[in-house]
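Observations on the model geometry
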Amino acid sequence: MAMNSEFTTLLAQTNESLGTILHIGAGSGDDLKAICDLKPNKVVAVEAAGVLFESLQRKARKFNNVNAIKCW
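Residue numbers run consecutively from 1 along every chain, following the written order of its sequence. Restriction of local features to residues with pLDDT of at least 70 applies here, the model being predicted, together with a cutoff of 80 or more for giving and counting side-chain atom pairs; totals for whole chains, interfaces and linings are based on all residues. Computation of side-chain values covers all heavy atoms of the structure but excludes hydrogens and water.

Side note on the overall build of the protein chain
Note the cut-off: A run of DSSP states H or I qualifies as a helix once it reaches four residues; a run of E qualifies as a strand once it reaches two. Both are numbered from the N-terminal end. Only protein chains enter the area calculation, which uses a 1.4 Å probe; residues under 20% of their type maximum are buried, those over 50% are exposed, and those in between are partly exposed. Contacts were defined at the residue level, with two residues in contact if any of their heavy atoms lie within 4.5 Å.
From N to C terminus, the protein chain includes 3 helices and 3 strands. Counting from the amino terminus, the protein chain carries its helices and strands in the arrangement α-β-α-β-α-β. Taking all 72 residues of the protein chain together, 36% fall into the buried category. Look at the contacts in the protein chain between residues 6 or more apart in sequence, and 42% of them connect residues 24 or more apart.

Here you go:
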């Protein structure tokens, strides 16, 4: 599921810097670029499903502020 566009618009308009974003149920990481475009200090992406996590982990390596965690 793609990240809600109203949510990203609201966050993009804030004048405050974002701290850590915790993305629970990150799936295969399709939302990582949109989340990282918001310039948070850190993103913690959590996914439990093995196949989805492998894709998430590959995509997370492209960003130096993303930490992918596999847990339930």
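Structural notes on the side chain of Ser28
For the record, the criterion: For the purposes of these results, a polar contact is taken to be a pair of N or O atoms within 3.5 Å, where, inside protein, one atom must be able to donate a hydrogen and its partner to accept one; residues adjacent in sequence count only when each atom of the pair is a side-chain atom.
Checked against the element boundaries, Ser28 lands in the loop between strand E1 (20–24) and helix H2 (32–36). Reaching out from Ser28, the side chain makes a polar contact with the side chain of Asp30 at a distance of 3.4 Å. Among all residues touching Ser28, those that are not within four sequence positions of it are Leu52, Ser55, Leu56 and Lys59.

Thoughts on the nonpolar core
This is how the line gets drawn: Side-chain atoms within 4.5 Å are what join buried Ala, Val, Leu, Ile, Met, Phe, Trp, Tyr and Cys residues into a set we call a nonpolar core.
The biggest cluster of nonpolar side chains holds 11 residues, and these are Ala26, Leu32, Ile35, Cys36, Val43, Ala45, Phe53, Leu56, Ala60, Val66 and Ala68. Elements with a contribution of two residues or more to this core: H2, strand E2 (42–47), helix H3 (50–60) and strand E3 (66–70). The contact partners of Leu56, leaving out residues within four places of it in the chain, are Ala26, Gly27, Ser28, Gly29, Leu32, Ala45, Glu47 and Ala68.

What to know about the pattern of salt bridges
For clarity, the threshold we go by: Every case where a carboxyl oxygen of Asp or Glu lies within 4 Å of a side-chain nitrogen of Lys or Arg is listed as a salt bridge.
Counting across every chain of the model gives 2 salt bridges. Between Asp30 and Lys59 there is a salt bridge whose closest N-O contact spans 2.7 Å. One end of the pair, Asp30, is in the loop between E1 and H2; the other, Lys59, is in helix H3, with 29 residues separating them in the sequence. Residue Asp30 is classed as exposed on the basis of its relative accessible area of 60%. On the accessibility criterion, Lys59 (24% relative accessible area) is partly exposed. One salt bridge in this structure joins Lys33 and Asp37, with 3.1 Å as the shortest N-O distance.

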